[in-house]
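Observations on chain architecture
One letter stands for each residue in the lines below.
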Amino acid sequence: MKVLSFFALLSITLSCSQTQENFSTLCALPKQLKEASACEISKASPLIWTIEDNHNDNILFGFNEKGELQKKIRITNVENNDWEDLTSDDEGNIYIGDFGNNDNDRQNLAIYKIKAEDLNKDETEAESVVQFYYPEQTEFPPKKKDRIFDVESFLIFNDKFYLFTKNRSSKFDGTTVLYEVENNSAQKLPAKKLGSFVTCEQFNHCAVTSADISPDKSKVALLSSDKVWIFTNWKGNNFLSGNVEKIELNHHTQKEGLCFKDNHTILITDEGNKTHTGNLYQLKLK
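Residues numbered from 1 in each chain as written. Predicted model: local features only at pLDDT ≥ 70, side-chain atom pairs only at ≥ 80, totals over all residues. Heavy atoms only, no water.

**Considerations on the packing of aromatic side chains**
Scanning the entire structure with this criterion turns up 14 aromatic pairs. With centroids separated by 5.5 Å and ring planes inclined at 75 degrees, the aromatic side chains of F157 and F239 adopt a geometry described as edge-to-face. On the criterion of sequence distance, the pair formed by F157 in strand β11 (residues 150–157) and F239 in the loop between β18 (227–232) and β19 (243–248) is long-range, its members being 82 residues apart. The exposure classification of F157 matches that of F239, with both residues buried. Taking 5.0 Å as the distance between ring centres and 85 degrees as the angle between the ring planes, the aromatic pair formed by F197 and F231 counts as edge-to-face. (Phe/Tyr/Trp six-rings, centres within 6.5 Å; stacked < 30°, edge-to-face > 60°. Helix = DSSP H or I, 4+ residues; strand = E, 2+ residues; numbered from the N terminus. Buried < 20%, exposed > 50% of the residue type's maximum accessible area, 1.4 Å probe, protein only.)

**Considering the sheet that holds strand β14 (residues 189–190)**
Remark on secondary structure: sheet strands pair via backbone hydrogen bonds, oriented parallel or antiparallel. An order of β6-β7-β8-β10-β14 is seen for the five strands of this open sheet, with the pairing classed as mixed. Pairing within the sheet leaves two strands with one partner each, and these edge strands are β6 (83–88) and β14. Pairing of β6 with strand β7 (residues 94–98), which is carried by five bridges, proceeds in the antiparallel orientation. Its bridge partner lying in β7, W83 is registered against D98. (Pairing = 2+ DSSP bridges.)

**Description of the environment of Q131**
Among the structural elements, Q131 can be located in strand β10 (residues 128–133). For Q131, a relative accessible area of 39% translates into the label partly exposed. Ignoring any residue separated from it by four or fewer positions in sequence, one finds Q131 in contact with L109, A110, Q187, K188 and L189. (Contact = heavy atoms within 4.5 Å.)

**Describing the sheet that holds strand β15 (residues 192–198)**
Reading across from one edge, β11-β12-β13-β15 is the order of the four strands in this open sheet, with antiparallel pairing throughout. Two strands in the sheet have a free side with no partner beyond their single neighbour: β11 and β15. Geometrically, the sheet is characterised by an average inter-axis angle of 25 degrees between neighbouring strands, direction not taken into account. When strand β13 (residues 175–182) meets β15, the two strands line up antiparallel, connected through six bridges. Of the residues in β15, the one forming a bridge with V177 is S196. (Axes fitted to C-alpha atoms, helices over the stretch in contact; angles between N-to-C directions.)

This is the structure in structure tokens:
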């Protein structure tokens, strides 16, 4: 089985236009971070921001490219049910995606806004809370074959949120679904299904764990444990309708965070384990 997997991986790698030579390790993450689940850069700060997931502290962490922890901001008015990803808008406000849903049984999915001017504080409150649901989901949890409502990835574009599902169905086929959520905290909102994309058929290599859009809004990137997909030339707001390039990193770890440093550079973080922290990586695009 290992021999077959090796040749399958070799075949995929040779078919891709970018390989590991574009991918490098920048530093180890701060020791305080055992489960870094996101990676984001805000225009209001020189730091790289991350969070920890599933019942960890309600803390937004800021560190530099040397792996030095520079900031810890406690968010006092919300809970960390399962914080999974970060995104930021053109003003530098950061949004926390509390939508991790491994068992597909949650009915308290939310997105929290942290104001740009609060990124220099040690403690703050989320300015707003956007609550949403999937109209297609009627059971909590649904049958194992229908568990497609976990999310670990989102971005903001034209003041709306775009979520990419992490397929946890028993018959995993690599499908990620794109949903749109209005940036409106007045009421609980239905997520609108826009499209879908098939990554590949092995969960450990193909499940989507983070997303971001480039500063010039021309590229959307999706992350898995050892791949990045770059979408361009999409129609309207269905990013998955555009051209796509798959980048094999040739490096398999539990990668959980991705963000654009600039239009041609992506930063990636992964989780550590009991003996060491994760790392910060850099991927240069052509």
